[in-house]
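Letter by letter, the chains look like this.
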Amino acid sequence: MNHTPAKALRNHPTVRRLLDKPPAQAKDTPALEAAWLGKIALEAGAEDVGFVGMERAELAPQREDILRAFPFAKTLLSFVCRMNRENIRAPSRSVANLEFHQSADAVNETGRRIVRTLERHGVRAANTAVGFPMEADRWPAKMWVISHKPVAEAAGLGRMGLHRNVIHPVFGSFILLGTVVLDATVDHESRPIDYNPCLECKLCVGACPTGAIGADGHFDFSACYTHNYREFMGGFADWAETVAASTSASGYRKKVADAESVSLWQSLSFGANYKAAYCLSVCPAGEDVIRPFLEDRKRFIADVMRPLQDKSETVYVIAGSDAEDHVRRRFPHKSARRVRNTLRPTSIRTFLSGLPLVFQPGRAKGLRATYHFRFTGEETLNATVVIHDRTLEVREGLHGQPDFRLTADGKTWLGFLAGEINLVGALLRRKIRFRGAPKLLQAFGRCFPT
Ligand code: SF4
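Overview of the structure. (Residues numbered from 1 in each chain as written. Predicted model: local features only at pLDDT ≥ 70, side-chain atom pairs only at ≥ 80, totals over all residues. Heavy atoms only, no water.)

1. Concerning the overall build of the protein
Item 1. The helix and strand inventory of the protein stands at 20 helices and 13 strands.
Item 2. The C-alpha extent of the protein, read off along each of the three principal axes, is 80 × 65 × 50 Å.
Item 3. Every one of the 450 residues in the protein was classed for burial, and the buried ones make up 47%.
Item 4. Across the protein, contacts joining residues at least 24 apart in sequence account for 69% of those joining residues at least 6 apart.
Item 5. Approximately 23,500 Å² of the protein is accessible, and the part contributed by carbon and sulfur atoms is 53%.
Item 6. Of the side chains in the protein, 62 bear a positive and 48 a negative charge, and the two mean positions are spaced by 6 Å. (Helix = DSSP H or I, 4+ residues; strand = E, 2+ residues; numbered from the N terminus. Buried < 20%, exposed > 50% of the residue type's maximum accessible area, 1.4 Å probe, protein only. Contact = heavy atoms within 4.5 Å. Areas by Shrake-Rupley, 256 points an atom, 1.4 Å probe, with all protein chains shown as cover. Lys, Arg positive; Asp, Glu negative; His and termini not counted. Charge placed at Lys NZ, Arg CZ, Asp CG, Glu CD.)

2. Observations regarding the sheet that holds strand S9 (residues 368–376)
Item 1. Strand order in this open sheet of 5 strands is S11-S10-S9-S12-S13, and the pairing throughout is mixed. Taken across any chain shown, the strands that pair with only one partner, and hence form the sheet edges, are strand S11 (391–396) and strand S13 (432–435). Pairwise comparison of adjacent strand axes, ignoring direction, gives a mean angle of 15° for this sheet.
Item 2. Along the sheet, helix H18 (residues 410–417) contacts S9, strand S12 (404–409) and S13; its crossing angle with S12, the most-contacted strand, is approximately 100°. (Pairing = 2+ DSSP bridges. Axes fitted to C-alpha atoms, helices over the stretch in contact; angles between N-to-C directions.)

3. Quick word on the sheet that holds strand S1 (residues 48–53)
Paired through their backbone hydrogen bonds, the strands of a sheet run either parallel or antiparallel.
Item 1. Strand order in this open sheet of 4 strands is S1-S2-S6-S3, and the pairing throughout is antiparallel. Because the sheet does not close on itself, it has two edges, and the strands there are S1 and strand S3 (125–127). Strand-to-strand twist across the sheet, computed as the mean angle between neighbouring axes with direction ignored, equals 25°.
Item 2. Bridging between strand S2 (residues 75–82) and strand S6 (residues 175–182) involves 8 bridges; their strand directions are antiparallel. Along S6, the bridge assignment pairs Leu76 with Val181.

4. Some words on empty space enclosed by the protein
Item 1. Inspection of every chain in the model, using the stated rule, returns 3 cavities of 30 Å³ or more.
Item 2. Approximately 80 Å³ is the volume found for the largest cavity.
Item 3. Lining the largest cavity are 15 residues; nearest its centre among them are Ile167, Cys198, Cys201, Cys204 and Cys283.
Item 4. Where the lining of the largest cavity is concerned, the elements lending two or more residues are helix H8 (203–207) and helix H13 (278–282).
Item 5. Here the residues of the lining of the largest cavity are counted per class, giving 12 nonpolar, 2 polar and 1 charged. (1 Å grid on protein atoms, 1.4 Å probe; cavity = no way out; pocket = protein on both sides within 12 Å on 5 of 7 lines; lining within 4 Å. Points joined across faces, edges and corners; volume = space filled by probe spheres on them. Nonpolar A, V, L, I, M, F, W, Y, C, P; charged D, E, K, R; others polar.)

5. Topic: the packing of helix H3 (residues 34–44) against helix H6 (residues 93–120)
Item 1. Packing of H3 against H6 leaves a shortest axis separation of 8 Å and a crossing angle of 135°. Relative to H6, H3 is oriented oblique. Seen along the crossing, H3 lies across H6 with a hand that is right-handed. In this structure, H3 contributes Trp36, Leu37, Ile40, Ala41 and Ala44 to the contact, and H6 contributes Thr110, Arg113, Ile114, Thr117 and Leu118.
Item 2. Of the residues contributing to the contact of H3 with H6, the split by class is 7 nonpolar, 2 polar and 1 charged. (Parallel < 35°, antiparallel > 145°, perpendicular 65-115°, else oblique. Left-handed = near helix turned anticlockwise from the far one by under 90°.)

6. Description of the site of the ligand
Item 1. Neighbouring the ligand are the residues Leu162, His163, Ile167, Cys198, Leu199, Glu200, Cys201, Lys202, Cys204, Cys283, Pro284 and Ala285.
Item 2. Structurally, the ligand is housed in the largest cavity.
Item 3. Counted by class, the shell around the ligand contains 9 nonpolar, 1 polar and 2 charged residues. (Near = heavy atom within 4 Å. Sits in = over half its atoms within 2 Å of the grid points.)

7. Thoughts on the nonpolar core
Item 1. Grouped together as the largest cluster of nonpolar side chains are 51 residues, with contacts concentrated most on Leu37, Leu77, Phe79, Ile114, Leu118, Val180 and Leu182.
Item 2. Counting residues per element, this core draws most heavily on H6, at 6 residues.
Item 3. With 31 residues, the next largest nonpolar core counts Phe375, Ile432, Cys447 and Phe448 among its residues. (Core = buried A, V, L, I, M, F, W, Y, C linked by side-chain atoms within 4.5 Å.)

8. Observations regarding the pairing of S9
Item 1. Taken together, the 8 bridges between S9 and strand S10 (residues 381–388) define a ladder with antiparallel strand orientation. Bridge pairing links His372 to Thr384 in S10.
Item 2. Count of turn residues in the S9/S10 antiparallel hairpin: 4 residues, of which Gly377 carries a positive phi of about 95°.
Item 3. Taken together, the 6 bridges between S9 and S12 define a ladder with parallel strand orientation. Note that in S12 the partner of Thr376 across the bridge is Asp409.

9. Considering the layout of surface pockets
Item 1. Of the volumes computed, that of the second largest pocket is approximately 560 Å³.
Item 2. Listing elements by their share of the lining of the second largest pocket, those giving two or more residues are H6, helix H12 (258–270) and strand S7 (314–318).
Item 3. Considering every element that reaches the lining of the second largest pocket, the biggest residue donor is H12, with 6 residues.
Item 4. Looking at the lining of the second largest pocket, its residues break down into 7 nonpolar, 8 polar and 7 charged.

10. Side note on H18
Item 1. Residues of H18 that are buried: Gly410, Thr412, Trp413, Leu414 and Gly415.
Item 2. Elements that come into contact with the buried residues of H18 comprise helix H17 (348–358), S9, S12, helix H19 (423–428) and S13.
Item 3. Two residues or fewer past H18, Gly419 is found with a positive phi of approximately 80°.

11. Quick word on the environment of Val166
Item 1. Along the polypeptide, Val166 turns up in strand S5 (residues 166–167).
Item 2. Overall, the relative accessible area of 5% leaves Val166 in the buried class.
Item 3. The residues contacting Val166, other than those within four sequence positions of it, are Lys149, Glu153, Leu157, Gly158, Arg159, Met160, Gly172, Ser173, Ile175 and Leu177.

12. Here we look at the pattern of salt bridges
Item 1. One pass over the structure, following the stated rule, counts 27 salt bridges.
Item 2. The partner of Glu241 in a salt bridge is Arg344, with the nearest N and O atoms 2.9 Å apart. Residue Glu241 is located in helix H10 (residues 233–245), and its partner Arg344 is located in the loop between strand S8 (335–339) and H17; the two are separated by 103 residues in the primary sequence.
Item 3. According to the relative accessible area criterion, Glu241 is partly exposed, its value standing at 31%. (Salt bridge = Lys/Arg side-chain N within 4 Å of Asp/Glu carboxyl O.)

Listed below in structure tokens is the structure:
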């Protein structure tokens, strides 16, 4: 490789101009002033801001991932931008999604402006995506560079409510989060707020068409993902497979209603649209939001929650899921439409880590069993899954006395889950073997419907 000789490099016009200027930032940079950084963030469009050092305990679960993406990271600047409430509350999806899209653009633009200003001051920084696009090549594993919610909590910008969104003490649930990574320490770090703005009113529980938010605190990720995110990654893959499996236009139309095709086209053209997000719409938490709820709770529910509950709409569910039961029981005027689960694991590790996300407590009622899994082949791994009356525990290694033992070649097992390999054939070829009552395997399958 040819290197430019040092003398020639020194005489290059770019280098000469730079050497003539004083350095933008001293080499041993002192901590940046939080007040100065906060002013930059607010001027860039943020409505509140906080700072979290990379060594803080709250970042431990994602520190390694952040440093892998940004080895220079020393501090995270977390900020919020507000969303307009009445748009988010509108039963018309176009009105609500317009606000989601424009608020997301505002967060991305704010992060970009912050970084632009810091670069001018010689501070190395990078802004991260508010939501999408993400690291799609990692699908179905963790696709995002930074989990904004724990950062915002650590930065004192709110706490997670029952609906699993961060609630700002003043702006409530009507916010989107952004994070900027800084190659600098800050003189005054923020601390979490000492109370949760969530009122535990459970309006989000009543508004969610899929029953994803349990009054007991359980969150059914699969139900939320299958319906609300239908037109994001997984739902698109399901639609593409439906197209591939259709042998004619009329065959396709039997499986996909015209309105669904139009809706998907709309998402592909203008940005993926949320199907519900009603948990945000009805949330009365936050100083700026709570007054109408406090003054007349019945009227608030009639004005804000009922129109969403009464709306006739399609709700996407997995066949045999708790969500399917919920729609039929609680919202008989909405139509439950069965779709495939597209959270298909691509490795044994993602299979195990994904189990809590797709577990259906309603289907586990009365089941008490310990399952031992031994996976062989390229990914050798042992795991124990305990289902105990609507609760789930997944641990690596074999623990306790099993009621059911399954030994499987990892690839074959993943192929079976994807619907590509027949279980009976795999049993005959001894690629999958088990010891225990077959009804326990069936019960296991019911807890994780696909
Ligand atoms: S709707 Fe009520 S229970 Fe749900 S997150 Fe908001 S304040 Fe908490």
